[in-house]
Amino acid sequence: MLGRIFTEQFAFSASDSVVVIGLGRFGGAVAQSLMRLGHDVMGIDHREDLVQVWADRLTHAVQADATNENTMLQLGVADFSHAIIGIGSDLAASLMTLMVLTELGIKDIWVKAMSPEHGQIAQRIGAHHVIYPEADMGARVAHQITGRLMDFIEFEDGFAIAKIHAPDLSHHKTLAEAHVRSRFGVTVVGVKRLNEDFEHALGETRILPGDLLIVSGPTKKIELFAGENKKARS
(Lines give C-alpha, C1' and ligand atoms only; values in the text may rest on other atoms or scores of the structure.)
Protein backbone atom coordinates (compact mmCIF):
# COMPACT_ATOMS: atom_id res chain seq x y z
CA MET A 1 0.00 0.00 0.00
CA LEU A 2 2.75 2.46 0.89
CA GLY A 3 4.50 1.97 -2.43
CA ARG A 4 1.19 2.41 -4.27
CA ILE A 5 0.68 5.79 -2.63
CA PHE A 6 3.76 7.12 -4.42
CA THR A 7 3.36 5.33 -7.75
CA GLU A 8 -0.40 5.91 -8.15
CA GLN A 9 -0.62 9.38 -6.70
CA PHE A 10 2.24 10.98 -8.60
CA ALA A 11 2.95 8.44 -11.35
CA PHE A 12 6.56 7.46 -10.74
CA SER A 13 7.68 5.84 -13.96
CA ALA A 14 9.14 2.34 -13.76
CA SER A 15 12.62 3.65 -14.61
CA ASP A 16 12.68 6.25 -11.84
CA SER A 17 15.25 5.85 -9.09
CA VAL A 18 14.33 6.63 -5.49
CA VAL A 19 16.42 7.31 -2.40
CA VAL A 20 14.77 6.51 0.91
CA ILE A 21 16.40 8.09 3.95
CA GLY A 22 15.58 6.46 7.25
CA LEU A 23 15.03 2.70 7.16
CA GLY A 24 12.79 2.35 10.20
CA ARG A 25 9.33 0.84 10.04
CA PHE A 26 7.92 3.46 7.65
CA GLY A 27 10.97 3.99 5.45
CA GLY A 28 11.70 0.29 5.20
CA ALA A 29 8.12 -0.53 4.20
CA VAL A 30 8.15 2.18 1.53
CA ALA A 31 11.51 1.07 0.17
CA GLN A 32 10.45 -2.57 -0.03
CA SER A 33 7.17 -1.70 -1.75
CA LEU A 34 8.94 0.47 -4.32
CA MET A 35 11.39 -2.35 -5.06
CA ARG A 36 8.48 -4.72 -5.71
CA LEU A 37 7.05 -2.16 -8.11
CA GLY A 38 10.26 -2.19 -10.15
CA HIS A 39 12.13 0.89 -8.94
CA ASP A 40 15.82 1.14 -8.15
CA VAL A 41 16.01 2.10 -4.48
CA MET A 42 18.92 3.32 -2.40
CA GLY A 43 18.27 3.16 1.33
CA ILE A 44 20.29 5.35 3.69
CA ASP A 45 20.36 5.21 7.48
CA HIS A 46 22.88 6.17 10.16
CA ARG A 47 22.25 2.90 12.00
CA GLU A 48 24.43 0.00 10.91
CA ASP A 49 21.98 -2.66 12.12
CA LEU A 50 19.15 -1.31 9.93
CA VAL A 51 21.42 -1.07 6.91
CA GLN A 52 22.43 -4.71 7.38
CA VAL A 53 18.78 -5.74 7.54
CA TRP A 54 18.04 -4.06 4.20
CA ALA A 55 21.35 -4.74 2.42
CA ASP A 56 20.05 -7.73 0.46
CA ARG A 57 16.55 -6.33 -0.15
CA LEU A 58 17.30 -3.01 -1.82
CA THR A 59 19.35 -2.01 -4.86
CA HIS A 60 21.77 -0.30 -2.46
CA ALA A 61 21.75 0.16 1.31
CA VAL A 62 24.27 2.54 2.82
CA GLN A 63 25.18 3.60 6.34
CA ALA A 64 25.71 7.35 6.18
CA ASP A 65 24.91 10.70 7.73
CA ALA A 66 22.19 12.15 5.49
CA THR A 67 22.60 15.60 7.06
CA ASN A 68 26.09 15.92 5.54
CA GLU A 69 25.91 17.43 2.05
CA ASN A 70 29.36 16.21 0.97
CA THR A 71 28.52 12.66 1.97
CA MET A 72 25.31 12.77 0.00
CA LEU A 73 27.12 14.14 -3.03
CA GLN A 74 29.66 11.32 -2.86
CA LEU A 75 26.82 8.80 -2.75
CA GLY A 76 25.36 10.27 -5.95
CA VAL A 77 22.07 11.25 -4.32
CA ALA A 78 21.83 14.31 -6.58
CA ASP A 79 21.22 11.96 -9.50
CA PHE A 80 18.05 10.46 -8.04
CA SER A 81 14.62 11.42 -9.39
CA HIS A 82 12.81 11.18 -6.06
CA ALA A 83 13.74 11.33 -2.38
CA ILE A 84 11.67 10.15 0.57
CA ILE A 85 12.66 11.22 4.08
CA GLY A 86 11.30 8.64 6.49
CA ILE A 87 12.91 10.10 9.62
CA GLY A 88 10.14 10.70 12.12
CA SER A 89 11.51 10.73 15.65
CA ASP A 90 14.33 13.24 15.14
CA LEU A 91 12.88 16.53 13.92
CA ALA A 92 16.26 18.22 13.54
CA ALA A 93 17.69 15.36 11.46
CA SER A 94 14.62 15.30 9.25
CA LEU A 95 14.77 19.02 8.50
CA MET A 96 18.56 19.09 8.07
CA THR A 97 18.30 16.20 5.61
CA LEU A 98 15.60 18.09 3.75
CA MET A 99 17.86 21.14 3.52
CA VAL A 100 20.64 18.99 2.04
CA LEU A 101 18.31 17.46 -0.56
CA THR A 102 17.04 20.91 -1.48
CA GLU A 103 20.61 22.13 -1.95
CA LEU A 104 21.31 19.11 -4.17
CA GLY A 105 18.40 20.09 -6.40
CA ILE A 106 16.22 16.98 -5.96
CA LYS A 107 13.07 17.75 -7.91
CA ASP A 108 10.63 15.57 -5.95
CA ILE A 109 11.07 15.39 -2.17
CA TRP A 110 8.65 13.64 0.19
CA VAL A 111 8.85 14.08 3.97
CA LYS A 112 7.26 11.99 6.70
CA ALA A 113 5.90 14.40 9.30
CA MET A 114 4.83 13.55 12.83
CA SER A 115 2.95 16.78 13.47
CA PRO A 116 1.36 19.67 11.53
CA GLU A 117 4.20 21.92 12.71
CA HIS A 118 6.79 19.51 11.33
CA GLY A 119 4.94 19.41 8.02
CA GLN A 120 4.58 23.20 7.78
CA ILE A 121 8.28 23.77 8.41
CA ALA A 122 9.20 21.07 5.89
CA GLN A 123 7.08 22.72 3.20
CA ARG A 124 8.67 26.10 3.89
CA ILE A 125 12.14 24.62 3.58
CA GLY A 126 11.36 22.92 0.27
CA ALA A 127 9.43 19.66 0.65
CA HIS A 128 7.19 19.01 -2.34
CA HIS A 129 4.96 16.54 -0.47
CA VAL A 130 4.31 15.93 3.22
CA ILE A 131 3.01 12.59 4.49
CA TYR A 132 1.25 12.06 7.83
CA PRO A 133 1.27 8.24 8.03
CA GLU A 134 -0.32 7.92 11.46
CA ALA A 135 -3.18 10.26 10.56
CA ASP A 136 -3.66 8.60 7.16
CA MET A 137 -3.77 5.14 8.74
CA GLY A 138 -6.22 6.33 11.36
CA ALA A 139 -8.58 7.63 8.70
CA ARG A 140 -8.25 4.42 6.68
CA VAL A 141 -9.07 2.22 9.67
CA ALA A 142 -12.02 4.41 10.65
CA HIS A 143 -13.50 4.10 7.16
CA GLN A 144 -13.04 0.34 7.18
CA ILE A 145 -14.66 -0.01 10.62
CA THR A 146 -17.72 1.99 9.60
CA GLY A 147 -17.97 -0.09 6.42
CA ARG A 148 -18.31 2.90 4.11
CA LEU A 149 -14.99 2.74 2.26
CA MET A 150 -13.26 -0.60 1.78
CA ASP A 151 -10.01 1.09 0.83
CA PHE A 152 -8.88 4.52 -0.26
CA ILE A 153 -5.94 6.72 -1.16
CA GLU A 154 -6.34 10.34 -0.14
CA PHE A 155 -4.25 13.03 -1.82
CA GLU A 156 -2.95 16.25 -0.29
CA ASP A 157 -5.70 18.44 -1.74
CA GLY A 158 -8.63 16.48 -0.32
CA PHE A 159 -9.06 14.38 -3.47
CA ALA A 160 -9.32 10.61 -3.11
CA ILE A 161 -9.72 7.34 -4.96
CA ALA A 162 -11.77 4.74 -3.08
CA LYS A 163 -13.17 1.23 -3.40
CA ILE A 164 -16.77 1.01 -2.16
CA HIS A 165 -19.80 -1.25 -2.29
CA ALA A 166 -22.23 -0.02 -4.95
CA PRO A 167 -24.89 2.04 -3.11
CA ASP A 168 -28.47 0.82 -3.37
CA LEU A 169 -29.58 3.84 -5.41
CA SER A 170 -27.32 2.73 -8.28
CA HIS A 171 -28.53 -0.88 -8.48
CA HIS A 172 -29.97 -2.03 -11.81
CA LYS A 173 -29.20 1.35 -13.38
CA THR A 174 -26.56 2.54 -15.79
CA LEU A 175 -24.21 5.20 -14.47
CA ALA A 176 -25.93 7.69 -16.76
CA GLU A 177 -29.32 6.77 -15.32
CA ALA A 178 -28.08 6.99 -11.71
CA HIS A 179 -26.64 10.50 -12.34
CA VAL A 180 -23.80 9.77 -9.93
CA ARG A 181 -21.56 12.61 -11.08
CA SER A 182 -24.24 15.31 -11.18
CA ARG A 183 -25.90 14.23 -7.89
CA PHE A 184 -22.84 13.47 -5.81
CA GLY A 185 -19.90 15.14 -7.55
CA VAL A 186 -17.89 11.92 -7.84
CA THR A 187 -16.77 9.81 -10.80
CA VAL A 188 -17.08 6.03 -11.02
CA VAL A 189 -13.82 4.95 -12.65
CA GLY A 190 -14.22 1.17 -12.60
CA VAL A 191 -16.59 -1.66 -11.68
CA LYS A 192 -15.73 -5.08 -10.22
CA ARG A 193 -18.30 -7.85 -10.38
CA LEU A 194 -18.01 -11.15 -8.49
CA ASN A 195 -15.66 -13.56 -10.30
CA GLU A 196 -14.94 -10.97 -13.01
CA ASP A 197 -12.09 -8.55 -13.62
CA PHE A 198 -12.37 -4.82 -13.04
CA GLU A 199 -13.69 -3.01 -16.10
CA HIS A 200 -13.47 0.63 -17.04
CA ALA A 201 -16.77 2.38 -16.23
CA LEU A 202 -18.74 4.10 -18.99
CA GLY A 203 -22.05 5.91 -18.99
CA GLU A 204 -23.81 2.80 -20.23
CA THR A 205 -22.22 0.54 -17.57
CA ARG A 206 -24.99 -1.08 -15.55
CA ILE A 207 -24.52 -1.52 -11.79
CA LEU A 208 -25.79 -4.64 -10.03
CA PRO A 209 -26.15 -5.48 -6.33
CA GLY A 210 -22.83 -6.75 -4.97
CA ASP A 211 -20.70 -4.76 -7.43
CA LEU A 212 -17.61 -2.97 -6.17
CA LEU A 213 -16.93 0.52 -7.50
CA ILE A 214 -13.69 2.45 -7.86
CA VAL A 215 -14.68 6.07 -7.29
CA SER A 216 -12.69 9.30 -7.51
CA GLY A 217 -13.51 12.77 -6.24
CA PRO A 218 -13.39 14.94 -3.12
CA THR A 219 -13.11 12.74 -0.04
CA LYS A 220 -16.21 14.14 1.68
CA LYS A 221 -18.33 13.63 -1.43
CA ILE A 222 -17.15 10.04 -1.77
CA GLU A 223 -18.08 9.46 1.87
CA LEU A 224 -21.55 10.86 1.26
CA PHE A 225 -22.04 8.70 -1.84
CA ALA A 226 -20.83 5.57 -0.03
CA GLY A 227 -23.13 6.37 2.88
CA GLU A 228 -26.24 6.10 0.71
CA ASN A 229 -26.45 2.40 1.60
CA LYS A 230 -26.95 3.23 5.26
CA LYS A 231 -29.57 5.88 4.45
CA ALA A 232 -31.56 3.51 2.29
CA ARG A 233 -31.68 0.85 5.01
CA SER A 234 -32.32 3.11 8.01
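What counts and what doesn't
Residues numbered from 1 in each chain as written. Predicted model: local features only at pLDDT ≥ 70, side-chain atom pairs only at ≥ 80, totals over all residues. Heavy atoms only, no water. Core = buried A, V, L, I, M, F, W, Y, C linked by side-chain atoms within 4.5 Å. Buried < 20%, exposed > 50% of the residue type's maximum accessible area, 1.4 Å probe, protein only. Helix = DSSP H or I, 4+ residues; strand = E, 2+ residues; numbered from the N terminus. Contact = heavy atoms within 4.5 Å. Pairing = 2+ DSSP bridges. Axes fitted to C-alpha atoms, helices over the stretch in contact; angles between N-to-C directions. Right-handed = clockwise from strand over helix to strand, strands pointing away.

Caption draft 1: Molecular detail of the nonpolar core. Counting residues in hydrophobic clusters, the biggest one holds 26 residues, and the most contacted among them are Val19, Ile21, Ile44, Met72, Val77 and Leu101. Listed by contribution, the elements that provide at least two residues to this core are strand S1 (17-21), strand S2 (40-45), strand S4 (82-85), helix H5 (91-103) and strand S5 (109-112). It is H5 that provides the largest number of residues to this core, a total of five residues. When sequence neighbours within four positions are dropped, the list of residues in contact with Leu101 reads Ile21, Met72, Val77, Ala83, Ile85, Ile106 and Ile109. Ranked by size, the runner-up nonpolar core spans 20 residues in total, among them Ile164, Val188, Leu213 and Phe225.

Caption draft 2: Main features of unusual backbone geometry. Here the phi dihedral of His172 falls at roughly 65 degrees; this positive angle occurs in a residue that is not glycine. Looking at the secondary structure, you find His172 in the loop between strand S8 (159-165) and strand S9 (173-174). Phi at Asn195 takes a positive value of approximately 65 degrees, unusual for a residue other than glycine. Looking at where Asn195 falls in the secondary structure, it is placed in the loop between strand S10 (187-192) and strand S11 (199-200).

Caption draft 3: Molecular detail of the sheet that holds strand S6 (residues 129-131). In space, the six strands of this open sheet follow the order S3-S2-S1-S4-S5-S6, with parallel pairing throughout. Across the chains shown, the open sheet's two edge strands, defined by having one partner strand only, are strand S3 (60-63) and S6. Taken over all neighbouring pairs, the strand axes of this sheet differ in orientation by 15 degrees on average, direction set aside. When S4 meets S5, the two strands line up parallel, connected through three bridges. Residue pairing across strands places Ile85 opposite Val111, the latter belonging to S5.

Caption draft 4: Examining the pairing of S5 more closely. Burial of the side chains of S5 extends over both faces: Ile109 and Val111 are buried on one face and Trp110 and Lys112 on the other. Read from S4 through H5 to S5, the crossover connection turns out right-handed. Relative to S6, S5 runs parallel, the two being bridged by three bridges. Bridging across to S6, Val111 finds its partner in Val130. The parallel pair S5 and S6, bridged by helix H6 (residues 116-125), forms a crossover whose chirality is right-handed.

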